[in-house]
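Here's the letter readout for the chains.
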Amino acid sequence: MAKHIRVIDSHTGGEPTRVIVDGGPDLGAGPLATQRERFQQSFDHFRSAVVNEPRGSEVFVGALLGKPSNPLCTASVIFFNNVGYLGMCGHGTIGVVMTLAHLGRIQPGLIRLETPVGEVEAEWLGGNRVRIRNVPSYRLAANVPLAVPSHGVVHGDIAWGGNWFFLVDDHGLAIDRANVPALMSLSSRIRHALQDQHMTANGAEIDHIELIGPSPKPEVNARNFVLCPGMAYDRSPCGTGTSAKLACLHADGKLALGDSWIQESVIGSRFEGCLQQHGDTVYPYITGTAYVNADTTLIIAGDDPFAWGIHD
Ligand code: PYC
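Small disclaimer: the values here were computed from a predicted structure and weren't measured.

A. Just the pairing of strand β2 (residues 15-22), in detail. Of all eight residues that make up β2, seven are buried, and the element is covered over most of its length. Pairing between strand β1 (residues 3-12) and β2: seven bridges, direction antiparallel. In the strand pairing of β2, Ser10 is matched with Thr17. If you look at the hairpin formed by β1 and β2, you'll find two residues sitting between the two strands, and Gly13 has a positive phi there, around 55°. Here β2 runs beside strand β3 (residues 61-66); their pairing, made up of four bridges, is parallel. By the bridge assignment, Thr17 is partnered in β3 with Val61.

B. Structural view of the environment of Met1. Here Met1 lies in the segment before β1. Considering only alpha carbons, one finds Met1 and Asp303, 302 residues apart in sequence, at a separation of 9.2 Å.

C. Structural detail: the state of the cysteines. Taken as a whole and judged by the stated rule, the model has zero disulfides. The thiol of Cys73 is not disulfide-bonded; the next cysteine sulfur, from Cys89, is found 18 Å away. Take Cys238: it sits in no disulfide, and the sulfur closest to it among the cysteines is that of Cys228, at 5.8 Å.

D. Up close: the nonpolar core. In terms of nonpolar packing, the biggest core is built from 69 residues, with Phe79, Val96, Leu146, Phe166 and Ile190 touching the most fellow members. The residues contacting Val96, other than those within four sequence positions of it, are Val19, Ala63, Leu65, Val77, Phe79 and Leu113. Membership of the second largest hydrophobic core comes to 18 residues, among which are Ile20, Leu27, Ala49 and Val50.

E. Inspection of the site of the ligand at higher detail. The full set of residues close to the ligand is Cys89, Gly90, His91, His208, Cys228, Asp234, Cys238, Gly239 and Thr240. Within the backbone of Gly239, one N or O atom sits 2.7 Å away from an oxygen atom of the ligand. Contact with the protein chains hides 99% of the accessible area of the ligand, taken as 250 Å² for the molecule alone. Partitioning the shell around the ligand into residue classes produces three nonpolar, five polar and one charged.

F. Quick peek at the side chain of Asn163. Mapping Asn163 onto the fold places it in the loop between β9 (152-160) and β10 (164-168). With a relative accessible area of 6%, Asn163 lands in the buried category. A distance of 2.8 Å separates a polar atom in the side chain of Asn163 from the backbone oxygen of Met88. Leaving out residues up to four positions away in the same chain, Asn163 has contacts with Leu86, Gly87, Met88, His208 and Thr240.

G. Molecular detail of the environment of Pro136. Mapped onto the elements, Pro136 comes out in the loop between β7 (129-133) and β8 (138-148). Exposure remark for Pro136: the relative accessible area of 34% places this residue in the partly exposed category. Taking the C-alpha atoms as reference, Pro136 lies 21 Å from Arg36; in sequence the two are 100 residues apart. Non-local contacts of Pro136, meaning those with residues more than four positions away in its chain, are made with Trp160, Thr281, Val282, Tyr283 and Pro284.

H. The packing of helix α1 (residues 32-42) against helix α2 (residues 44-51), seen in detail. Interaxial distance between α1 and α2 falls to 5 Å at its minimum, and their mutual angle equals 80°. Put simply, α1 runs roughly perpendicular to α2. Within the contact between the two elements, α1 uses Phe39, Gln40 and Ser42 and α2 uses Asp44, His45, Phe46 and Arg47. Classifying every residue of the contact of α1 with α2 gives two nonpolar, three polar and two charged.

I. Spatial organisation of α2. Counting buried positions along α2 gives six out of eight residues, so the element sits mostly inside the fold. Buried within α2 are the following residues: Phe46, Arg47, Ser48, Ala49, Val50 and Val51.

J. Region of the structure containing α1. Taken together, the buried positions of α1 are Leu32, Gln35 and Phe39. Along the long axis of α1, the arc covered by the buried residues comes to 50°, so they all point the same way. Where α1 is buried, its residues meet α2, β3, β4 (75-80) and β5 (109-115).

K. Examining the pairing of β1 more closely. Here ten bridges tie β1 to strand β17 (residues 281-300), and the two strands are oriented antiparallel to one another. From the neighbouring strand, Val7 faces β17, where its bridge partner is Thr296.

L. Representation of the packing of aromatic side chains. Enumeration over the complete set of coordinates arrives at eight aromatic pairs. With 5.4 Å between their ring centres and 65° between their planes, Phe46 and Trp308 make a pair best called edge-to-face. With Phe46 in helix α2 and Trp308 in the segment after β17, this pair connects stretches of sequence that are 262 residues apart. In textbook terms, an aromatic cluster arises when at least three aromatic residues are bridged by ring pairs, as seen for Phe39, Phe80 and Tyr85. In this arrangement the basic side chain of Arg133 is found over the ring face of Tyr283, its NZ or CZ atom lying 3.9 Å from the centre.

Definitions and cut-offs
- Residues numbered from 1 in each chain as written.
- Predicted model: local features only at pLDDT ≥ 70, side-chain atom pairs only at ≥ 80, totals over all residues.
- Heavy atoms only, no water.
- Buried < 20%, exposed > 50% of the residue type's maximum accessible area, 1.4 Å probe, protein only.
- Helix = DSSP H or I, 4+ residues; strand = E, 2+ residues; numbered from the N terminus.
- Pairing = 2+ DSSP bridges.
- Disulfide = S-S within 2.5 Å.
- Core = buried A, V, L, I, M, F, W, Y, C linked by side-chain atoms within 4.5 Å.
- Contact = heavy atoms within 4.5 Å.
- Near = heavy atom within 4 Å.
- Polar contact = N/O pair within 3.5 Å; in protein donor to acceptor, adjacent residues only side chain to side chain.
- Areas by Shrake-Rupley, 256 points an atom, 1.4 Å probe, with all protein chains shown as cover.
- Nonpolar A, V, L, I, M, F, W, Y, C, P; charged D, E, K, R; others polar.
- Axes fitted to C-alpha atoms, helices over the stretch in contact; angles between N-to-C directions.
- Parallel < 35°, antiparallel > 145°, perpendicular 65-115°, else oblique.
- Arc of directions from axis to C-beta.
- Phe/Tyr/Trp six-rings, centres within 6.5 Å; stacked < 30°, edge-to-face > 60°.
- Lys NZ or Arg CZ within 6 Å of the ring centre and 35° of its normal.

Rendered as structure tokens:
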């Protein structure tokens, strides 16, 4: 008997999000981080079926919606990709909000979502615009030297934006679409150097690499190239990566609370970011645009040798 999974696809600044709205695994109750472990241990084949080839690709981020434990939240969401699970996903949250709007489940205004790394707020601003208040971001270490084989030493900030990032300015490459092969090559070597040299964020893997550079557009503050854990580059400016960047700028005294920061991706899509303080906590806010581009059913046929995706 074939299994059916209803998904809604969107893209946020070119980066796809595939939201499971029906037919996904039942992860039971309890803290979302525990549900994510259950997803990984018992239902990893669903992750693979939804985002891996032949239905998806390494670029896709999947999102599983669930019942939140906090009744003030609209849904819980666990993000995943071709190799595993994410803490938070900024472009994905913007995609989830436009998906909920497409389903008629929300109206313009504020909602809250539970993620494994904390609650986030999201505001559908009308049209295709969404503003999210991410989990608090912070810089753990500044200007950390890293020897990269066949390149030399680069310096990176280690920062949290809902995922762990190594943010590098002194890479010497133009952040340009025509330069993607070189950017992929260097960011992959940085990722492997972090692994080989056992450099972690207090024991957690630093699995996102963010190369930063200038944009030729005067209204844009910076352009980035973000290598994701599954070795695909983020087509969007990366919401958690932009959050990590805002934390670094603030720590360096280069971005005041409330000031706007326009972050451009390597393909030219944009997020607007800023930091705002509520009580004792400083939160990153990210505004972006997402478009729903498919509302469809995945078919998992029993006799299909790649029914659960092409995976290791
Ligand atoms: O937008 O935070 C993000 C993100 C993480 C991985 C891909 N996109």
